[in-house]
Amino acid sequence: MAAFTDYEDHDAVGLAALVARGDTTPEALLEAAIERVESRNGAVNAVTNKLYDEGRQAIADGLPDGPLKGVPYLLKDLGASLAGCPTTRGCKFFEDVVPAEDSELVKRLKRAGMVIFGRTNTCELGLSLTCEPQLHGATKNPWDQTRISGGSSGGAAAAVGARMLPAAHASDGFGSIRAPAACCGLVGLKPTRARNTQAPYLGEGSGGLSAEHAVTLSVRDSAAVLDATRGPGAGDPYSAAPPARPFLDEIGTDPGRLRIAFTSRTPNGAAVGADARRGLEETAALAADLGHRVEEADPAIDGGAVVPTFLTLMAANTVVNLSSHPSAGRAAREDEVERVTWLMAKAGEAVSGADYVRATQTMHRLGRQMAAFHRDHDIVLTPGLATGSAVKLGWLDMMMEDADEYWRRVFHFSPFTVWFNLTGQPAMMLPIGESDGGLPVAVQAIAPYGDEASLFRFAAQLESARPWFDRKPEMVRGTSG
């Protein structure tokens, strides 16, 4: 049997292989994960609902013989409904909401054999790229506990970054998988729009902006989890075309000679810091060394429309979200939500039906513009975050009175992520760089709509050339095992 101290030497695919060979057990893996939550969560506040007994019971009842059998898993406290378990959305107005059934994505995770044993912190209604809700308190970055872990999947990223487990559920409406991955030194893929179903509760999230997936330690884990969850659900309004073969088969496959464009030009004019530029340039040089055709080139898109279009769509959706409590019979009051949430809802009330249609048409136009660029470029590289690494806690404050200043800060921190929520393309953060201060610095890789396969091939090649798995924060080094 694998020794207890081997737990952190493996990614999720590796842990599942140990179970399949009989070298360890799901019970041993769950207890290893629980021990790390108990010893490390106090420092970062990542896990807000511990479901240890539920995880143990799932194992006792017998796990399916799925591809990820026995791997411990945490669900973000937003989306991913788990029957009988509160889903607070990081908001006190919703803290008493208990779904009656699992979402389809959760059912698929369970069928893959994953062991769900808790929920992770999120900002209120997913409306931030930090994770500092009034309800559960701030989640801190395991690399530097004065800094943000990113948001809205900040609890997931802090848990994986602190090596409590190798992968965790996350979701992304304007960067909420990718920004936390960049902050915490992880792989974070936002899949193609509708690659993962949001059944049975939603046909699409936030007008098509949002997607569910995971933050992971390795590229192959991202592929394996997506293989387990991808595909339409009953009644979905649309879905992404199925891949030619399992995404996990792309790992280690020669990507061929790709046509790669790289750009540090932000759609909203935000400045890009030295660490971010260096990380991008070093990755572009590495891609050229690997034999790809690499050039600096800016996609011809209407960059000035990116943030305003997002804000129109999100404001209108916030009005609906605040009216979506299943039993309250009313919308949230001002004193039941954070200030930015309330101000977004007030802005949403002023969005007309015509405004919303124009915003969706602009979103689709941006997608067409990117599709035209991809006729000559297989992959686009951008900095992960304009700031390079995570900013300090408190800077992105959802209790701010000035919503315009709040959103200005959000999109000066992360101007490259929301772009691809609008276009619906798959976009992946890769923790390939490091700041002068030793913090993770990510590069974002983007592929054409529906083409996660190319992303996985290319990302796995970069990971092999410049591995990051053994890079760990100080709070983990010396306690790992």
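Residues numbered from 1 in each chain as written. Predicted model: local features only at pLDDT ≥ 70, side-chain atom pairs only at ≥ 80, totals over all residues. Heavy atoms only, no water.

**Thoughts on the overall build of the chain**
Now for step 1: When you go through the chain residue by residue, the secondary structure sums to 14 helices and 13 strands.
Now for step 2: A compact globule built from 481 residues should have a C-alpha radius of gyration of about 23 Å, and the chain, at 20 Å, falls within 12% of that.
Now for step 3: The proportion of buried residues among the 481 residues of the chain is 61%.
Now for step 4: Across the chain, contacts joining residues at least 24 apart in sequence account for 79% of those joining residues at least 6 apart.
Now for step 5: Within the structure as shown, the chain displays about 16,900 Å² of accessible surface, and the carbon and sulfur contribution to it stands at 49%.
Now for step 6: Looking at charge distribution, the chain has the averaged site of its 46 positive side-chain charges lying 3 Å from that of its 59 negative ones. (Helix = DSSP H or I, 4+ residues; strand = E, 2+ residues; numbered from the N terminus. Rg over C-alpha atoms; globule rule 2.2 N^0.38 Å. Buried < 20%, exposed > 50% of the residue type's maximum accessible area, 1.4 Å probe, protein only. Contact = heavy atoms within 4.5 Å. Areas by Shrake-Rupley, 256 points an atom, 1.4 Å probe, with all protein chains shown as cover. Lys, Arg positive; Asp, Glu negative; His and termini not counted. Charge placed at Lys NZ, Arg CZ, Asp CG, Glu CD.)

**A short note on the sheet that holds strand β13 (residues 440-446)**
Now for step 1: In spatial order, the strands read β6-β8-β7-β12-β13-β11-β9-β10; together these eight strands make up an open sheet with mixed pairing. Each edge of the open sheet carries a strand with a single partner, namely β6 (167-172) and β10 (293-296). Taking each pair of neighbouring strands and ignoring which way they run, the sheet shows an average axis angle of 25°.
Now for step 2: Of the strand pairs in this sheet, strand β7 (residues 187-190) and strand β12 (residues 427-434) are connected by three bridges, and their pairing is antiparallel. Considered in β12, the bridge of K190 is made with A427.
Now for step 3: Docked against the sheet, helix α7 (residues 219-229) engages β7, β8 (211-216) and β12, running at close to 145° with respect to β8. (Pairing = 2+ DSSP bridges. Axes fitted to C-alpha atoms, helices over the stretch in contact; angles between N-to-C directions.)

**A look at the side chain of N41**
Now for step 1: Structurally, N41 can be placed in helix α2 (residues 26-44).
Now for step 2: A distance of 2.8 Å separates the side chain of N41 from the backbone nitrogen of A46, its partner in a polar contact.
Now for step 3: Engagement of the side chain of N41 in a polar contact is seen with the backbone nitrogen of V47, the distance being 2.8 Å.
Now for step 4: The residues touching N41, leaving out its near neighbours within four places in the chain, are R36, A46, V47 and M164. (Polar contact = N/O pair within 3.5 Å; in protein donor to acceptor, adjacent residues only side chain to side chain.)

**Regarding the nonpolar core**
Now for step 1: F117, M164, L165, F174, V215, W407 and F413 are the most contacted members of the largest nonpolar core, which has 119 residues in total.
Now for step 2: If one sorts the elements of this core by residue count, α2 sits on top with seven residues.
Now for step 3: Beyond its immediate stretch of four places on either side in the chain, M164 contacts Y7, A33, R36, V37, R40, N41, V44, A46, V47 and A159.
Now for step 4: Core analysis: the next-biggest nonpolar cluster, separate from the first, contains 28 residues, V219, L381, I432 and L462 among them. (Core = buried A, V, L, I, M, F, W, Y, C linked by side-chain atoms within 4.5 Å.)

**Side note on the sheet that holds strand β2 (residues 72-76)**
Hydrogen bonds between backbone groups are what pair the strands of a sheet, and the pairing can be parallel or antiparallel.
Now for step 1: Here we have three strands laid out as an open sheet, ordered β1-β3-β2, and mixed in their pairing. Single-partner strands in this sheet number two, and they are β1 (47-50) and β2. For this sheet, the mean angle separating the axes of adjacent strands, direction not counted, is 40°.
Now for step 2: As paired strands, β2 and strand β3 (residues 115-120) are joined by four bridges and run parallel to one another. Along β3, the bridge assignment pairs P72 with V115.

**Some details on unusual backbone geometry**
For residues other than glycine, phi is negative in most cases, and the peptide bonds are mostly trans.
Now for step 1: A cis amide bond links G151 to the next residue, S152, at an omega of 5°.
Now for step 2: Looking at the element boundaries, S152 is found in the loop between β5 (144-148) and α5 (154-161).
Now for step 3: Geometrically, the link from A199 to P200 is a cis peptide bond, its omega value of 0° lying close to zero.
Now for step 4: In this structure, P200 sits in the loop between β7 and β8.
Now for step 5: Phi is positive for R89, close to 55°, though the residue is something other than glycine.
Now for step 6: For R89, the position within the fold is in the loop between β2 and α4 (104-111).
Now for step 7: Of note, R163 is a non-glycine position whose phi angle comes to about 60°, a positive value.
Now for step 8: Its place among the elements puts R163 in the loop between α5 and β6.

**Brief notes about the pairing of β8**
Now for step 1: Among the six residues of β8, six are classified as buried, and the element is accordingly described as predominantly covered.
Now for step 2: Relative to β8, β6 is paired through six bridges, and the arrangement is antiparallel. Paired with A168 across the strands is V215, a residue of β8.
Now for step 3: The sheet contact formed by β7 and β8 spans three bridges and is antiparallel. Across the sheet, G188 pairs through a bridge with V215, a residue of β8.

**Regarding the packing of aromatic side chains**
Now for step 1: As enumerated under the stated definition, the model contains 11 aromatic pairs in all.
Now for step 2: Centre to centre, the rings of F174 and F310 are 4.8 Å apart; their planes meet at 45°, and the pair counts as tilted. Note that F174 is positioned in the loop between β6 and α6 (178-184) and F310 in helix α9 (residues 306-321), a separation of 136 residues in sequence.
Now for step 3: According to the relative accessible area criterion, F174 is buried, its value standing at 0%.
Now for step 4: Of the residues examined, F310 reaches a relative accessible area of 0% and is grouped as buried.
Now for step 5: Ring geometry for W419 and F420: centres 4.7 Å apart, planes at 15°, overall stacked. Across the pair, exposure class does not vary: W419 and F420 are buried alike.
Now for step 6: Each residue in the set F174, F310, Y406, W407 and F411 is aromatic and connected to the rest through ring pairs, giving one cluster.
Now for step 7: In this structure, R89 is placed above the aromatic ring of F94, and the distance from its NZ or CZ to the ring centre is 4.0 Å.
Now for step 8: Above the ring of F247, the side-chain terminus of R230 is found at 5.6 Å from the ring centroid. (Phe/Tyr/Trp six-rings, centres within 6.5 Å; stacked < 30°, edge-to-face > 60°. Lys NZ or Arg CZ within 6 Å of the ring centre and 35° of its normal.)

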